[in-house]
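Geometric and topological summary
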Amino acid sequence: MLVAVPPEMANDLVSVLAPLQVLKVAHVPAACERMVATWPLVVILGTRPTEAELAAVRATAVDISAQIVVADDHPDRARLRLEVVAAKRTATQMRDKSP
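Below or above, wherever it landed, is the structure these notes cover. (Residues numbered from 1 in each chain as written. Predicted model: local features only at pLDDT ≥ 70, side-chain atom pairs only at ≥ 80, totals over all residues. Heavy atoms only, no water.)

Focus on the layout of surface pockets
The space that makes up the largest pocket amounts to roughly 150 Å³. Taken together, Met1, Leu17, Leu20, Gln21, Val22, Leu23, Thr38, Trp39, Pro40, Leu41 and Val42 form the lining of the largest pocket. (1 Å grid on protein atoms, 1.4 Å probe; cavity = no way out; pocket = protein on both sides within 12 Å on 5 of 7 lines; lining within 4 Å. Points joined across faces, edges and corners; volume = space filled by probe spheres on them.)

A closer look at the sheet that holds strand β4 (residues 67–70)
Across the sheet, which stays open at both edges, the 4 strands sit in the order β2-β1-β3-β4 with parallel pairing between neighbours. The outermost strands of the open sheet, each flanked by one partner alone, are β2 (24–25) and β4. Here 4 bridges tie strand β3 (residues 42–45) to β4, and the two strands are oriented parallel to one another. Pairing of Val42 across the sheet is with Gln67, part of β4. Across the sheet, helix α4 (residues 77–97) is in contact with β3 and β4; its angle to β4 comes to roughly 170°. (Pairing = 2+ DSSP bridges. Helix = DSSP H or I, 4+ residues; strand = E, 2+ residues; numbered from the N terminus. Contact = heavy atoms within 4.5 Å. Axes fitted to C-alpha atoms, helices over the stretch in contact; angles between N-to-C directions.)

Description of the pattern of salt bridges
Tallied over the entire structure, the rule returns 1 salt bridge. Here Asp12 and Arg81 are joined by a salt bridge, their closest N and O atoms 2.3 Å apart. Within this pair, whereas Asp12 is found in helix α1 (residues 7–17), its partner Arg81 is found in helix α4, the two being separated by 69 residues in sequence. Arg81 gets classed as partly exposed once you look at its relative accessible area, which sits at 33%. (Salt bridge = Lys/Arg side-chain N within 4 Å of Asp/Glu carboxyl O. Buried < 20%, exposed > 50% of the residue type's maximum accessible area, 1.4 Å probe, protein only.)

What follows is the structure, given as structure tokens:
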């Protein structure tokens, strides 16, 4: 799930997340609402959320064993790609171990 990710960054992240389907949403409240129904493995926040928004995303992510990546924390695209790949792998492993 891409949340408020700028279009110039979105295509790159979609390719990193392949073959997963990617849902794009405009803001954190919409993401939290959709996370419950779609169970994304990775939630990528395009900008730094407020503390309350981050807490809401984290609470939902914990419930569904999803990983969160804040793209704004990585000015270097290569490091962002590596973190997304690691988050995808971690989330997949966590879901595979779930009862």
